[in-house]
Protein chains: 2
Amino acid sequence: MKKIERVCAITHILTENPNRDFSLGYFAELFGCAKSSISEDIKLIRETMDDGSLGTLETTAGTKGGVRYVPAISQEETEKILLGLKKAFEEDDRMLGSGLLYTSDILFNPDYMKGAARIFARQFARSGADMVVTVETKGIGVALFTAELLHLPLAVLRRESRVSEGSIVSVNYMSGSSARIQQMSLSKRALKPHTKALIIDDIMRAGGSIKGIEDMLAEFDAQCCGIGAVIVAGGIEGKKIGDYVPLLLMNETENNKVTMDINPLLLAKQQRP
Amino acid sequence: MKKIERVCAITHILTENPNRDFSLGYFAELFGCAKSSISEDIKLIRETMDDGSLGTLETTAGTKGGVRYVPAISQEETEKILLGLKKAFEEDDRMLGSGLLYTSDILFNPDYMKGAARIFARQFARSGADMVVTVETKGIGVALFTAELLHLPLAVLRRESRVSEGSIVSVNYMSGSSARIQQMSLSKRALKPHTKALIIDDIMRAGGSIKGIEDMLAEFDAQCCGIGAVIVAGGIEGKKIGDYVPLLLMNETENNKVTMDINPLLLAKQQRP
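Residues numbered from 1 in each chain as written. Chains lettered and ligands numbered in written order. Predicted model: local features only at pLDDT ≥ 70, side-chain atom pairs only at ≥ 80, totals over all residues. Heavy atoms only, no water.

Moving on, we come to the relation of the copies chain A and chain B. At an RMSD of 0.0 Å, chain A and chain B line up after a rotation of 180° and a shift of 0.0 Å along the axis. Taken together, the rotation and translation describe the operation of a two-fold axis. Interface overlap between copies: 100% of the residues of chain A at the interface are likewise at the interface in chain B, consistent with a symmetric, same-surface contact. (Least-squares fit on C-alpha atoms with pLDDT ≥ 70 in both. Contact = heavy atoms within 4.5 Å.)

Laid out in structure tokens, this is it:
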């Protein structure tokens, strides 16, 4: 196999498996060549990716030396994704009679949600999370893609207790938008003690459901190490939760039309993680 | 930019965007080179991928010539994924007191579900689907990854009607395992008429919920063009639905231990799609 072909194949495999460790020996065996050749290939791929802001390859030296692909996106691409989301949510006729916004098509669209997850994966690359946590149903898409990019498992809290979850822990929370007490549950098997959890959700209104997830984490002696939400409604003041990263801020206007602002912190020139 | 760097960058971009069309002009502009150079790069990537069963690049000729990456997996990798799933579901102490199997951790694990989705994406690459459809909650992971790999939108049927879905269509279905009549609903906005839908679900017992999805598709004048399920329980006979592709067949044994068989049709030597 020629060098250029190896570079192509290694790039493909690393890209398909973000944040997963591969030993140099794995590739050396796969292509029947010396580890030193693989090492040179990886150096070339790393330089190419960095040039184009496609991501970074992190390498560990030594006999057990390995490589992992850490996804990154350029500031330009981040802004393109955010503008695409803003435009989609602002489309005419999304406002339902109930005063809520129809969002299911966007929140289950792999293009939009993979884009949102890329931004979260960059923001939380250094969070130290060992689990992503969300609550069903419409946050599952963005949470799952974020978990994939960070190479972490995902736990999904249920709105009701389910027989297929075994012994469960339940917490009550105040749904801010409907001012009702609701319940969410999680299987006792779902989280190990002292888990560091990254919370990813779709839409945060008063923050009640994220507060509920935090209460649940406390029941498992787990710790929240970051919160991401695709949309935050009604301004940032008075939210029941701590530090978090929204992508879009929803303005509730009166003439049956919704506008969204992009989180200005994501538009500022960012340091690469 | 040197040829080997272009090959690396193009491989990365195509791999991250399965089944999406890119024009040669897009890459020519991105790298500031002639379309003929890009065309040669793509020929090299295509040959490398085919050699390693990593996928195929489909190209269209002419002035509007373009390229798309169609994911594929080798028979060897298919069997590795299936064995990994079988082993995970057969782990000790998954059997709950309710007689059901604890599966949430596997069904929301990106590694396992991306693997399952790769098999479905290969099986249904020629189905002509323009939408993936599932019903909440635990099938969403595998359905979303399948939708991503086929570059299709996903529609998720709800178990209850939700105010955030606007006008909905509801259908009743007989849950075979609990012999209860249940309801599922879908927003009227979710499917266009004459949609060709690929149904992806996690666990099929009597097939009632898939029959419910089929009834829902009929309400939208949509057509089912394929059914995939991670697990089918209780044998294939007497299922309420037509042709479908299970990955694993669950044997319900009496001593509180479950065993799974890999669908033998997936183990047979397959033609590349």
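What follows covers unusual backbone geometry. Residue and element names in this part refer to chain A. Residue threonine 137 follows glutamate 136 across a cis peptide bond; omega there is 10°. Within the secondary structure, threonine 137 is located in the loop between β4 (131–135) and α7 (140–150). Of note, asparagine 19 is a non-glycine position whose phi angle comes to about 60°, a positive value. Among the structural elements, asparagine 19 can be located in the loop between α1 (3–16) and β1 (22–23). (Helix = DSSP H or I, 4+ residues; strand = E, 2+ residues; numbered from the N terminus.)

A few words now on the nonpolar core. Formed by 92 residues in total, the largest nonpolar core has its most connected members in Leu85, Phe89 and Leu247 of chain A together with Leu85, Phe89 and Leu247 of chain B. Those residues within four positions of leucine 247 of chain A in sequence are excluded, and the remaining contacts are Leu82, Leu85, Ala116, Ile119, Phe120, Ala229, Val230, Asp261, Ile262, Asn263 and Leu266 of chain A. (Core = buried A, V, L, I, M, F, W, Y, C linked by side-chain atoms within 4.5 Å. Buried < 20%, exposed > 50% of the residue type's maximum accessible area, 1.4 Å probe, protein only.)

Here we come to the pattern of salt bridges. According to the stated counting rule, one finds 34 salt bridges over all chains in the structure shown. A salt bridge links aspartate 215 of chain A to lysine 211 of chain A; the nearest nitrogen and oxygen atoms lie 3.0 Å apart. Of this pair, aspartate 215 of chain A and lysine 211 of chain A both sit in helix α8 (residues 208–219), separated by four residues, roughly a single helical turn. Among the residues examined, aspartate 215 of chain A registers a relative accessible area of 30% and is labelled partly exposed. Here aspartate 41 of chain B ties to arginine 6 of chain B by a salt bridge, and the two come within 2.6 Å at their closest N and O atoms. (Salt bridge = Lys/Arg side-chain N within 4 Å of Asp/Glu carboxyl O.)

All names here are of chain A. Taking every second residue as pointing to the same face, the buried face of strand β11 (residues 258–262) carries Val258, Met260 and Ile262, while none of Thr259 and Asp261 on the other face is buried. Sheet topology places strand β10 (residues 245–252) next to β11; five bridges connect them, and they run antiparallel. If you follow methionine 250 over to β11, its bridge partner there is methionine 260. A loop of five residues connects β10 with β11, the two strands running antiparallel in sequence, and asparagine 256 in this loop sits at a positive phi of about 60°. (Pairing = 2+ DSSP bridges.)

Counting residues at the interface gives 57 residues for chain A, matched by 57 residues for chain B. For the pair chain A and chain B, the number of links is six salt bridges. Two residues, glutamate 16 of chain B and arginine 118 of chain A, come together in a salt bridge whose shortest N-O distance is 3.2 Å. Applying the counting criterion to the chain A and chain B interface returns 22 residue pairs in polar contact (both at pLDDT 80 or more). Elements that contribute at least two residues to the side of chain A that touches chain B include exactly α1, α3 (35–52), α6 (110–123), α7 and β5 (154–157) of chain A. (Polar contact = N/O pair within 3.5 Å; in protein donor to acceptor, adjacent residues only side chain to side chain.)

Residue and element names in this part refer to chain B. Pairing within the open sheet is antiparallel, and its three strands lie in the order β1-β3-β2. The strands lining the two open edges of the sheet, one partner per strand, are β1 (22–23) and β2 (55–60). Sheet topology places β2 next to strand β3 (residues 66–71); six bridges connect them, and they run antiparallel. Bridged to glutamate 58 within β3 is arginine 68. Strand contacts of helix α1 (residues 3–16): β1, β2 and β3, with the helix running at about 60° to β3, the strand carrying the most contacts. (Axes fitted to C-alpha atoms, helices over the stretch in contact; angles between N-to-C directions.)

Once that is clear, we can look at the side chain of threonine 146 of chain A. Residue and element names in this part refer to chain A. Topologically, threonine 146 is positioned in helix α7. Within the local environment of threonine 146, its side chain forms a polar contact with the backbone oxygen of valine 142, the two atoms lying 2.7 Å apart. When sequence neighbours within four positions are dropped, the list of residues in contact with threonine 146 reads Ala117, Phe120, Leu198 and Ile200.

Residue and element names in this part refer to chain B. Mapped onto the elements, aspartate 261 comes out in strand β11 (residues 258–262). Placed 141 residues apart in sequence, aspartate 261 and phenylalanine 120 show a C-alpha to C-alpha distance of 17 Å. Of note is the side chain of aspartate 261, whose polar atom sits 3.2 Å from the side chain of asparagine 251.

The next point concerns the environment of tyrosine 26 of chain B. Examined against the element boundaries, tyrosine 26 of chain B turns out to sit in helix α2 (residues 24–31). Along the chain, tyrosine 26 of chain B and isoleucine 38 of chain B lie 12 residues apart, while their C-alpha atoms are 9.7 Å from each other.

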